[in-house]
Amino acid sequence: MSMTTSDKPKPKTRQRKAVLPSNSSVLTPGRLAILKYLHEHKFGTTHQLHHVLQSDKKVTHTLGDLGRLRELGLLRSFECQTDIGKRPMLCWLLRRPGATAIGQGWNNEYDREPGNEQILMRDWEMGIEEGLAMLGWKLVKPVHYNRVKPMPERTVQAITLIEALKRIYYYRITQKGETQLSDEYRVQFYDVYVPRHCNDYVAYRQYKEWVSRPGSGKPPEQLTQLQAITFVLVPPSASRRYLSARMEFYKRFVKEMPVIAVFGNREQAHLNLNWLKSGGLGATSFEDLAGLLMGYEMAKMDYYRQKIG
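Since the model is a prediction, treat every value here as computed from it, not as a measurement.

1. Points about the overall build of the chain
Along the backbone of the chain there are eleven helices and eight strands. Looking at the 309 residues of the chain, the share that counts as buried comes to 39%. The long-range share in the chain, meaning contacts at least 24 apart out of those at least 6 apart in sequence, stands at 65%. For the chain, the exposed surface amounts to about 18,600 Å²; the carbon and sulfur share of it is 51%.

2. Describing the nonpolar core
With 29 residues, the main nonpolar core has Leu 161, Met 257, Phe 263 and Leu 276 as its most contacted residues. Looking at this core, the elements with two or more residues in it are helix H6 (156-176), strand S6 (221-233), helix H8 (240-249), strand S7 (259-263) and helix H9 (266-277). If one sorts the elements of this core by residue count, H6 sits on top with seven residues. Here Leu 161 is in contact with Val 194, Cys 198, Val 202, Ala 228, Thr 230, Phe 253 and Met 257, once residues within four sequence places are set aside.

3. Let's talk about the packing of helix H5 (residues 116-135) against helix H10 (residues 289-299)
Running from N to C, H5 and H10 cross one another at 35°; their axes reach a closest spacing of 10 Å. In this structure, the crossing between H5 and H10 has a hand that is right-handed. Contacts between H5 and H10 involve Ile 128, Leu 132 and Leu 135 from the former and Leu 289, Ala 290, Leu 293, Met 294 and Glu 297 from the latter. Class assignment of the residues belonging to the contact of H5 with H10 gives a composition of seven nonpolar, no polar and one charged.

4. Quick word on the sheet that holds S6
If you walk across this open sheet you meet the five strands as S4-S5-S6-S7-S8, and the pairing is mixed. In the strand order of this sheet, the two ends are held by strand S4 (138-140) and strand S8 (282-285), each with one partner. Taken over all neighbouring pairs, the strand axes of this sheet differ in orientation by 35° on average, direction set aside. Pairing between S7 and S8: four bridges, direction parallel. Looking at S8, one finds that Ile 260 is bridged to Gly 282.

5. Points about the sheet that holds strand S3 (residues 89-94)
Sheet architecture is open: three strands sit in the order S1-S3-S2, paired in antiparallel fashion. Pairing within the sheet leaves two strands with one partner each, and these edge strands are strand S1 (43-45) and strand S2 (75-80). Taking the axes of each pair of neighbouring strands and ignoring which way they run, one obtains an average angle of 30° across the sheet. Bridge count between S2 and S3: six bridges; the pairing is antiparallel. Note on S3: the bridge partner recorded for Phe 78 is Cys 91.

6. Observations concerning the environment of Glu 129
Counting through the fold element by element, Glu 129 comes out in helix H5. Look at Glu 129 and you get partly exposed, because its relative accessible area is 28%. Those residues in contact with Glu 129 that lie beyond four places of it in its chain are Leu 139, Lys 141 and Tyr 201.

7. A closer look at the side chain of Asp 200
Residue position: Asp 200 is located in the loop between helix H7 (183-193) and strand S5 (201-211). Given the relative accessible area of 10%, Asp 200 is considered buried. Polar contacts involving the side chain of Asp 200 include one to the side chain of Arg 246, which spans 2.5 Å.

8. Notes on the pairing of S7
Counting buried positions along S7 yields five of five residues, so the element is predominantly enclosed. What you see with S7 is no split at all: Val 259, Ala 261 and Phe 263 on one side and Ile 260 and Val 262 on the other are buried throughout. With four bridges connecting them, S6 and S7 associate as parallel partners. What sits directly across from Thr 230, in S7, is Val 259. Of the crossover connections in this fold, the one passing from S7 over H9 to the parallel S8 is right-handed.

9. Quick notes on the packing of aromatic side chains
Applying the stated criterion across every chain, the model contains three aromatic pairs. Centre to centre, the rings of Phe 249 and Tyr 250 are 4.8 Å apart; their planes meet at 85°, and the pair counts as edge-to-face. Classification of Phe 249 as partly exposed rests on a relative accessible area of 32%. Of the residues examined, Tyr 250 reaches a relative accessible area of 0% and is grouped as buried. An aromatic cluster is built from Phe 249, Tyr 250 and Phe 253, whose rings are joined through pairwise contacts. The ring of Phe 43 carries Arg 122 above its face, with NZ or CZ at 4.0 Å from the centroid. One residue, Arg 240, lies across the ring of Trp 275, its end atom 4.2 Å from the ring centre.

Quick notes on the rules
Residues numbered from 1 in each chain as written. Predicted model: local features only at pLDDT ≥ 70, side-chain atom pairs only at ≥ 80, totals over all residues. Heavy atoms only, no water. Helix = DSSP H or I, 4+ residues; strand = E, 2+ residues; numbered from the N terminus. Buried < 20%, exposed > 50% of the residue type's maximum accessible area, 1.4 Å probe, protein only. Contact = heavy atoms within 4.5 Å. Areas by Shrake-Rupley, 256 points an atom, 1.4 Å probe, with all protein chains shown as cover. Core = buried A, V, L, I, M, F, W, Y, C linked by side-chain atoms within 4.5 Å. Axes fitted to C-alpha atoms, helices over the stretch in contact; angles between N-to-C directions. Left-handed = near helix turned anticlockwise from the far one by under 90°. Nonpolar A, V, L, I, M, F, W, Y, C, P; charged D, E, K, R; others polar. Pairing = 2+ DSSP bridges. Polar contact = N/O pair within 3.5 Å; in protein donor to acceptor, adjacent residues only side chain to side chain. Right-handed = clockwise from strand over helix to strand, strands pointing away. Phe/Tyr/Trp six-rings, centres within 6.5 Å; stacked < 30°, edge-to-face > 60°. Lys NZ or Arg CZ within 6 Å of the ring centre and 35° of its normal.

See the structure below:
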């Protein structure tokens, strides 16, 4: 029995593998930087991406890069609006091919559209990072932990704060003549006061200071001091319950080092100041943050002298 034409097996065609645009001049260093930023930060508006990555160029250049990446299927965008009355803006998300083009993994979290408050908070975060850099402070930023990236036994923030507390401890010995304590006691001391899973902003700076040990007869000793301040960014929709949880989390730590709640405006900071002070926390606004840091710089270790005086 002869086979009809339709019954005959079709010859196999050779499938061409998709060529990633990373092998092409289309992916310029600027466009690769956009992909890497979105892989690290999950989302970004046109303004945010331009400000962080291409502030030396016109915003139309950034729009051109973003549009080309979208044409290639590496990004997608949606309209968002954080302020009533202002024109909507575009927010950008990384697609799976975009992650592949830079050799990174991808999951459904990258396709989740952030809310307007999340986008506004990103603007605030960028403001803090830029302001601290201008003042010479370094910053440990919160990390998004998940099943793929679980929270470690101690976060980088906790390690930074413990190091600062060690410097304070040595300062107390030199200034107050306190007895040298065992390493085991100090480890317990740090564990009691420093939250192991602190995941807020921690600003820190190092500086040199000459310190004399009273009654020792020895010349002054130059110490490398480490100032550290923990900042809790307060979302616009945050309730007293949210703030109460942060007060409870830091209730022991605030006895040793400053924790400051940062609000979007002075009015909100003023309204919550006395209540937060009852739990040991300070309060400020974004517009007053630079002045607060300059005050700590001028005080140097005076903050800690108040704690031990």
